[in-house]
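Fold and geometry: a report
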Amino acid sequence: MAALPKVEVAAAGAKQSAVINFLKESPKNLLIGGKFVAAKSGKVFESINPANEEVLALVAEGDAADIDEAVKAARGAFEQGRWPSMRPAERARYLFKVADLIEAHSEELAELETLDNGKPIWESRVVDVPFAAETFRYYAGWVTKIYGETNPSDPSMFNFTLHEPVGVCGQIIPWNFPLLMASWKLAPALACGNTVILKPAEQTPLTALRLGELILEAGLPDGVVNVIPGFGPTAGGAIAAHPGIDKVAFTGSTEVGKEILKASAGNLKRISLELGGKSPNIIFPDTDMKRAVGSAMMGVFMTQGQVCCAGTRIFVEQGIYEQFAEALSQGAQKMTLGNPLDPKTKMGPVVSREQYDRVMGYVKIGKDEGAKVAAGGEAAGGKGYFIKPTVFTGVCNEMRIAREEIFGPVAATIPFKDEDDAVLQGNDTTYGLAAAVWTRDVSRAVRVARRLKAGTVWVNTYGVLDPISPFGGYKQSGFGRELGRYALELYTQVKSVFVAL
Ligand code: NAI
Ligand code: MG
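What you see is a predicted model; the values in this text were computed from it and never measured.

1. Topic: the domain arrangement of the protein
Its domain assignment divides the protein into domain 1 (7-275 + 479-496) and domain 2 (280-466). On a C-alpha basis, the centres of domain 1 and domain 2 stand 30 Å from each other. The interface is formed by 34 residues belonging to domain 1 together with 32 residues belonging to domain 2. Summed over both partners, the interface of domain 1 with domain 2 buries about 2500 Å², with 62% contributed by carbon and sulfur atoms. Three residues stand out in domain 1 for area buried against domain 2, namely Glu53, Trp122 and Trp175, and they jointly supply 22% of the buried area on that side. Summed over the shared surface of domain 1 and domain 2, the result is two salt bridges. Among the salt bridges present, the one from Lys383 reaches Glu54, with a minimum N-O distance of 3.3 Å.

What follows is the structure in structure tokens.
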């Protein structure tokens, strides 16, 4: 058995006593059937604070045996429980309650997220936690508005449709927005009456477990939400292959997305995949340069660049390329990198040693490919996985740093000649998650937005997401749309009923 974590050291700087108390209850157990239980194997793994490399908590390590138990609990809650068949207004009330509880515990959740993930506290406070609450509230509103239709059948028949839940859903999420991804997955699934097995990423299991506690506090029936931390190939793989799971929703790497699709074939699970990106942010000269630079910085450096829709390929019209790259590099150099619990910190560490090595590997690849480091290009040194915000200039779209998802604070700036060239280069990628265009010319903005092959296009802004609007990928960025009313399609199936009159 691993030694107990030194919580005061690992969580130094945390102000919320609720966070310290949560971390001290060690190990953190799996949520199955309304109870927190140890893994059947008895195994635990460490969740690390990436800012100081200390162990925050020991977490029960779920694997296939625990997924089996969770499937039984979720199946029972679906087939025998009240959840799918209760009055919609009542189910809505539970989801409103979860939103209220997230808000009531917002500072606690923000600190816990920052400790486990490394993202700066301002982000956890302004983005992750409030957006999570809003997502639950948004889908709570949908519960009472899931309509079927009556169809113009032959007069001897009455035909109508029912939009019914899919059943037991497995949801596998990444570590970049742990609480928020849990909310994007859980809220629509629950709104539609499904029951869920959620597998948080092994790097960041803590806020999902705390959310599990809040969900119990909100009074959802046992087994409706099960939370099983564990590793990808074991716990995640067991979800993807399990014959008792009806649907899998996954956010993560394209590589694993393909594995999940293959594993799902056994019982033809419904699959939705939200995968990687290499999104183009296209800057024309007729734009507010100051805003474009600031937005491009946020677009590529937020959450240390570990964002699936990060604007990592910044295409700048050749006439303003030098000036833009210079301003971006200066901005990057001024970003305060440091203790993520400090409200003044703009950038924290990347999430793990593995991610640190991967990102630093790409920085080296960029240099070897002949791109020029205009800012950063090195680690910050000392304890923690800190990497300086990095801007490469002189990049061409064929280089690996322009083609492969780096998932770290690394921007590739690339010049373009004209509108056609911008669209051609922007679309020249295997991904298609998001894109942006900056111009004051409305016609050009709409033309380019239409031509870009991406699931989301921003005009004169970057990274705006909202529960009201669908999010998902073209090409190898995946399929299915989360958020908005589109997510209801992921979590319902349509039944047509004919009644002979
Ligand atoms: P990953 O895709 O391996 O992990 C994401 C989730 O999938 C985690 O919960 C993990 O446990 C699970 N998983 C891993 N292997 C699995 C398997 N065989 N079956 C079922 N579930 C499995 O991503 P990883 O390794 O953390 O990061 C590698 C790269 O993936 C990043 O550098 C980035 O490029 C990309 N990525 C993209 C994300 C996005 O939001 N689109 C999020 C995280 C990573
Ligand atoms: Mg992986």
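2. A short note on unusual backbone geometry
Each neighbour pair has its own omega, and for Ser26 with Pro27 the value is -5°, a cis peptide bond. Within the secondary structure, Pro27 is located in the loop between helix H2 (17-24) and strand E1 (30-32). The backbone phi angle of Leu268 is positive, close to 50°, even though this residue is not glycine. Following the sequence through the fold, Leu268 ends up in the loop between helix H10 (254-263) and strand E11 (270-274). Although it is not a glycine, Lys475 adopts a positive phi angle of roughly 50°.

3. Details of the site of ligand 1
As a structural note, the neighbourhood of ligand 1 is formed by 25 residues, with Ile173, Trp175, Glu202, Ser253 and Glu405 the closest of them. At a separation of 2.9 Å, an oxygen atom of ligand 1 approaches a polar side-chain atom of Lys199. Note that an oxygen atom of ligand 1 is positioned 3.4 Å from one of the side-chain N or O atoms of Arg358. When isolated, ligand 1 has an accessible area of 800 Å², and the protein chains bury 89% of it.

4. Notes on the state of the cysteines
One pass over the full model with this rule turns up zero disulfides. Between Cys169, a cysteine without a disulfide, and Cys192, which holds the nearest cysteine sulfur, the sulfur-to-sulfur distance is 8.8 Å. For Cys308, which is in no disulfide, the shortest distance to another cysteine sulfur is to Cys309 and amounts to 4.8 Å. Cys308 sits in the buried class, given a relative accessible area of 13%.

5. Some words on the packing of helix H5 (residues 106-117) against helix H8 (residues 206-217)
It is at 9 Å that the axes of H5 and H8 come closest, and there the two elements cross at 155°. In this view, H5 runs roughly antiparallel relative to H8, as classed from their interaxial angle. Packed against H5, whose contacting residues are Glu108, Leu109, Leu112, Glu113 and Asp116, the element H8 presents Leu206, Thr207, Arg210 and Leu214 at the interface. Here the residues of the contact of H5 with H8 are counted per class, giving four nonpolar, one polar and four charged.

6. Focus: empty space enclosed by the protein
Space left empty within the atom packing is revealed by a probe, the size of a water molecule, rolled over the atoms. For the structure shown, the criterion picks out four cavities of 30 Å³ or more. Roughly 70 Å³ of volume is contained in the largest cavity. Pro280, Gly426, Thr429, Tyr431 and Lys453 are, among the 16 residues lining the largest cavity, the residues nearest its centre. Where the lining of the largest cavity is concerned, the elements lending two or more residues are helix H15 (419-427) and strand E17 (434-438).

7. A short note on the sheet that holds strand E13 (residues 313-317)
Taken in spatial order, the seven strands make up an open sheet running E14-E15-E16-E13-E12-E17-E18, and their pairing is mixed. The open sheet has two edge strands, strand E14 (372-375) and strand E18 (456-459), and neither has a second partner. Within this sheet the neighbouring strands show an average axis-to-axis angle of 25°, counted without direction. Two elements, E14 and strand E15 (residues 390-393), share three bridges in a ladder whose sense is antiparallel. Of the residues in E15, the one forming a bridge with Val373 is Phe392. Strands in contact with helix H11 (residues 289-301) are strand E12 (280-283), E13, E15, strand E16 (410-416) and E17; relative to E16, the strand with the most contacts, it is inclined by about 135°.

8. Things to note about the layout of surface pockets
Its volume calculated, the second largest pocket comes out at about 250 Å³. What lines the second largest pocket is a set of 14 residues, and nearest its centre among them are Arg91, Ile146, His163, Glu164 and Pro165. Going through the elements one at a time, helix H4 (88-104) and strand E6 (157-165) are the ones with two or more residues in the lining of the second largest pocket. With five residues, E6 is the largest single contributor of residues to the lining of the second largest pocket. Its residues placed into classes, the lining of the second largest pocket shows nine nonpolar, three polar and two charged.

What counts as what
All residue numbers refer to positions counted from 1 along the written sequence of the respective chain. Chains and ligands are labelled sequentially in the order written, the chains with letters from A and the ligands with numbers from 1. Local features are withheld for residues below a pLDDT of 70 in this predicted model, meaning they are given only at 70 or higher, and side-chain atom pairs are given and counted only at 80 or more; totals for whole chains, interfaces and linings count all residues. Computation of side-chain values covers all heavy atoms of the structure but excludes hydrogens and water. Residue ranges labeled as domains rest on an automatic or database domain assignment. Any pair of residues with heavy atoms lying within 4.5 Å of one another is described as a contacting pair. By buried area we mean the combined loss of accessible area, with a 1.4 Å probe, across both parts when two parts are placed together. The rule for a salt bridge is simple: a side-chain nitrogen of Lys or Arg has to be within 4 Å of a carboxyl oxygen of Asp or Glu. Helix and strand assignments follow DSSP, with helices taken as H or I runs no shorter than four residues and strands as E runs no shorter than two, numbered in order from the N terminus. Here, proximity means that at least one heavy atom of the residue falls within 4 Å of the molecule or strand. Between N or O atoms, a polar contact is any pair within 3.5 Å; within protein, one atom must be a potential hydrogen donor and the other a potential acceptor, and residues adjacent in sequence are included only when both atoms are from side chains. Computed by Shrake-Rupley with a 1.4 Å probe, the accessible areas treat only the displayed protein chains as cover when residues are assessed. Disulfides are defined as cysteine sulfur pairs within 2.5 Å. Throughout, exposure labels follow a simple rule: accessible area from a 1.4 Å probe, protein chains only, divided by the maximum for the residue type, with under 20% read as buried, over 50% as exposed, and the rest as partly exposed. Under this scheme, a helix contributes an axis fitted over its contacting stretch, all axes are lines through C-alpha atoms, and angles between N-to-C directions fall in the 0 to 180 degree range. Small angles under 35 degrees read as roughly parallel and large ones over 145 as roughly antiparallel, with 65 to 115 read as roughly perpendicular and the rest as oblique. When residue character is reported, Ala, Val, Leu, Ile, Met, Phe, Trp, Tyr, Cys and Pro are called nonpolar, Asp, Glu, Lys and Arg charged, and the others, Gly included, polar. Think of a 1 Å grid over just the protein atoms. A cavity is a set of points where a 1.4 Å probe fits yet cannot get out, a pocket is an open set with protein on both sides within 12 Å along at least five of seven lines, and lining residues have an atom within 4 Å of a point. Grid points are joined across faces, edges and corners, and a volume is the space filled by probe spheres set on the points. Should DSSP find at least two bridges between two strands, the strands are taken to pair.

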